[in-house]
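Close look at the chain arrangement
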Amino acid sequence: MAGVTDAPFRRLCREHGAGMATTEMISSDTRLWRSKKTRSRLSALDREQAPVCIQIAGSEPKAMAEAAKQAMDFGADIIDINMGCPAKKVCRKLAGSALLRNTPLVEHILHSVVKAVAIPVTLKTRTGWDKEHKNGVAIAKIAEQAGIQALTVHGRTRACRFDGVAEYDTIAEIVSALSIPVVANGDINTPQKAVQVLRYTGAAAVMIGRPALGNPWIFEQVERYISTGELPKNPSLDIRREILLRHLRQLTDFYGEQVGVRIARKHVRWYLETYPNITPFLKHFNQLHTSQSQQEAVTDFLRRPETHEEKVA
Ligand SMILES: Cc1cc2nc3c(=O)[nH]c(=O)nc-3n(C[C@H](O)[C@H](O)[C@H](O)COP(=O)(O)O)c2cc1C
């Protein structure tokens, strides 16, 4: 997820049971790769996080092939192609989910990228362009024929953006139409929902995005529920505090103090937003300018007796 799944957050999710974590999407325009933002998206792709999966977005088959090659040089074990992003900035360039309207171009891009690299190429897509043009199955078949090795489908159309609820019927149809593994995605926010969606769609795996924000232990909870049928509790407040403090330290280590402190603000909001009386705390927290003071504030907040109530789901 752009702006979220940076190296520190991916590491945290992997440590808490995610089988794989993909980079934020990176433009296929490799001239931009010299920018600080893209370099940070590509950097620290250490082997500890293997398999390293780099996601690229673009609409030019040649540029996408070149980007895939360069991503491989950066240490990618898997290249993921983004055809799911509905953001205007991305769609204006006919990339992301805008491609779903142009199946010949989809075919051309997928063939070019698969041919360019010797590592697996995967695709992330949606169920279609809009309700009247749900061409997810057609796109999926094109992908399989092009040599895509796994497909993730977000159960919304491009037009739905993030509105309404994800639907899994189209994902089930795609699973039946393909032999490659299909990963179901969209609104999978509890271990029970993960199991329900796996059963309903027949998908090989689930992908979890927003429900992991401030909640990276969801992966081990899903894992445990799938393997034992036991519904795990949330980690204790002490463990959650340790996870959050470690996350803050890793943000500073990765980005440096100034940027790390800024990025920490949104994560802390995600971690703590369901606690009682959080608004004044966040207001105060957002004015802190050092990682040390952020860590002290979080520690202090989580020690207050009223915080010791179970987090409201
Ligand atoms: C802030 C944000 C950034 C995202 N960035 C990406 C991205 O870079 N690449 C991608 O494939 N999907 C991206 N997505 C979509 C998610 O991967 C996922 O498909 C979508 O949020 C639905 O799944 P969820 O309900 O588990 O969040 C993004 C979503 C959000 C909310």
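Look up a bit, the structure's there.
Okay, so let's go over this structure. (Residues numbered from 1 in each chain as written. Predicted model: local features only at pLDDT ≥ 70, side-chain atom pairs only at ≥ 80, totals over all residues. Heavy atoms only, no water.)

1. Brief notes about the site of the ligand
The condition that has to hold: Any residue with a non-hydrogen atom lying within 4 Å of a molecule or strand is treated as near it. Pairs of N or O atoms are called polar contacts if they sit within 3.5 Å, as long as, within protein, a hydrogen donor faces a hydrogen acceptor (for residues adjacent in sequence, only side-chain-to-side-chain pairs). Shrake-Rupley sampling with a 1.4 Å probe provides the accessible areas, and residues are treated as covered by the protein chains on show and by no other component. Charged means Asp, Glu, Lys or Arg here, nonpolar means Ala, Val, Leu, Ile, Met, Phe, Trp, Tyr, Cys or Pro, and polar covers whatever is left, Gly included.
Close contacts around the ligand come from 15 residues, with Ala2, Gln55, Asn185, Asp187 and Arg210 the closest. Glutamine 55 is positioned such that a nitrogen or oxygen atom in its side chain is 2.7 Å from a nitrogen atom of the ligand. In the model, an oxygen atom of the ligand is placed 2.8 Å from a nitrogen or oxygen of the glycine 209 main chain. For the ligand, the accessible surface in isolation is 620 Å², of which the surrounding protein chains cover 84%. Looking at side-chain class alone, the shell around the ligand contains six nonpolar, six polar and three charged residues.

2. Thoughts on the side chain of arginine 241
We apply this condition: A run of DSSP states H or I qualifies as a helix once it reaches four residues; a run of E qualifies as a strand once it reaches two. Both are numbered from the N-terminal end. Whether two residues are in contact is decided by their heavy atoms: any pair within 4.5 Å suffices.
Position of arginine 241 among the secondary structure elements: in helix α10 (residues 237-255). Only 3.3 Å separates the side chain of arginine 241 from the side chain of aspartate 238, close enough to count as a polar contact. Apart from the residues within four sequence positions on either side, arginine 241 is in contact with Thr299 and Leu302.

3. Structural notes on the nonpolar core
Most often, soluble globular proteins have nonpolar side chains that are buried together. Heads up, the condition is: Buried residues of nine kinds, namely Ala, Val, Leu, Ile, Met, Phe, Trp, Tyr and Cys, make up a nonpolar core once their side-chain atoms join them within 4.5 Å. The cut-offs for exposure are 20% and 50% of the maximum accessible area for each residue type, with area from a 1.4 Å probe on protein chains only; residues under the lower value are buried, those over the upper are exposed, and the others partly exposed.
Judged by nonpolar contacts, the single largest core of 82 residues is most densely connected at Ile79, Leu110, Leu272 and Phe281. Each residue touching phenylalanine 281, except ones within four places of it in the same chain, is listed here: Val268, Leu272, Ala297, Val298, Phe301 and Arg304.

4. Some details on the pattern of salt bridges
Selection rule: Criterion for a salt bridge: a side-chain nitrogen of Lys or Arg within 4 Å of a carboxyl oxygen of Asp or Glu.
The final tally for this structure, using the stated rule, is 10 salt bridges. Residues aspartate 29 and arginine 31 are paired through a salt bridge, measuring 2.8 Å at the closest nitrogen-oxygen approach. On the accessibility criterion, aspartate 29 (24% relative accessible area) is partly exposed. Arginine 31 sits in the exposed class, given a relative accessible area of 62%. Between aspartate 187 and arginine 156 there is a salt bridge; the shortest N-O distance is 2.9 Å. With a gap of 31 residues between them, aspartate 187 in the loop between β6 (182-185) and α8 (191-201) and arginine 156 in strand β5 (residues 150-157) connect regions that are remote in the sequence.

5. Some remarks on the packing of α10 against helix α11 (residues 257-272)
When two helices pack together, you describe them by how their axes are tilted relative to each other and by the distance separating the axes. To keep things clear, this is the line we draw: Angles run from 0 to 180 degrees between N-to-C directions of axes, and those axes are lines fitted to C-alpha atoms, restricted for helices to the stretch in contact. The scheme is simple: roughly parallel for angles under 35 degrees, roughly antiparallel for over 145, roughly perpendicular for 65 to 115, oblique for anything else. Crossing handedness follows the turn of the near helix against the far one: under a right angle anticlockwise gives a left-handed crossing, and clockwise gives a right-handed one.
Between α10 and α11, whose axes approach to 8 Å, the crossing angle comes to 155°. If you check the angle between α10 and α11, you find them roughly antiparallel. Every pair of crossing elements has a handedness; the one defined by α10 and α11 is right-handed. Contacts between α10 and α11 involve Ile243, Leu244, His247, Leu248, Leu251, Thr252 and Tyr255 from the first element and Glu257, Val259, Gly260, Ile263, Ala264, His267, Val268, Tyr271 and Leu272 from the second.

6. Here's the deal with the pairing of strand β3 (residues 78-83)
Stated precisely, the cut-off is as follows: For two strands to count as paired, DSSP must find a minimum of two bridges between them. When the strands point away from the viewer, a crossover counts as right-handed if the route from the first strand across the helix to the second turns clockwise.
When you tally the buried positions in β3, you get six out of six residues, the bulk of the element. Because side chains alternate across β3, one face comprises the buried residues Ile78, Asp80 and Asn82, and the other comprises Ile79, Ile81 and Met83, equally buried. As judged from the four bridges shared by strand β2 (residues 53-57) and β3, these two strands associate in the parallel manner. Each residue of the ladder has a partner; that of isoleucine 56, found in β3, is isoleucine 81. With helix α3 (residues 61-73) bridging β2 and its parallel neighbour β3, the resulting β-α-β unit is right-handed. Sheet topology note: the β3/strand β4 (residues 121-128) ladder contains five bridges and is parallel. Among the inter-strand pairings, isoleucine 81 is bridged to a residue of β4, identified as leucine 123.

7. Brief notes about the sheet that holds strand β7 (residues 205-207)
In a beta sheet, neighbouring strands are held together by backbone hydrogen bonds and run either parallel or antiparallel to one another. As summarised here, the arrangement of the seven strands in space is β1-β2-β3-β4-β5-β6-β7, forming an open sheet in which the pairing is parallel. Taken across any chain shown, the strands that pair with only one partner, and hence form the sheet edges, are β1 (26-27) and β7. The pairing of β4 with β5 spans six bridges and is classified as parallel. Along β5, the bridge assignment pairs leucine 123 with leucine 151. Across the face of the sheet, α3 comes into contact with β2 and β3 while running at roughly 160° to β2.

8. Observations concerning the packing of helix α12 (residues 278-285) against helix α13 (residues 291-303)
Direction vectors running N to C along α12 and α13 enclose 165°, while the axes themselves pass 11 Å from each other. As the angle between them shows, α12 and α13 are arranged roughly antiparallel. For the crossing formed where α12 meets α13, the hand is right-handed. Facing α12, whose interface residues are Ile278, Phe281, His284 and Phe285, α13 presents Gln294, Ala297, Val298 and Phe301. Here the residues of the contact of α12 with α13 are counted per class, giving six nonpolar, two polar and no charged.

9. Here's the deal with α11
Because the α-helix completes a turn every 3.6 residues, residues three or four places apart line up on one side. This is how the line gets drawn: One less than the number of residues in a helix, times 1.5 Å, gives the span that helix is expected to have. We define the bend at each residue as the angle formed by axes fitted to the 7 residues ending at it and the 7 residues starting at it.
The end-to-end C-alpha separation of α11 is 21 Å, in line with the 22 Å expected for 16 residues at 1.5 Å each. Maximal helix bending in α11 amounts to about 30°, located at arginine 265. Along α11, the positions that sit buried rather than exposed are Gly260, Val261, Ile263, Ala264, His267, Val268, Trp270, Tyr271 and Leu272. Of the surrounding elements, those touching the buried residues of α11 are α1 (7-15), α10, α12 and α13.

These values are about where atoms sit, not about what they do.
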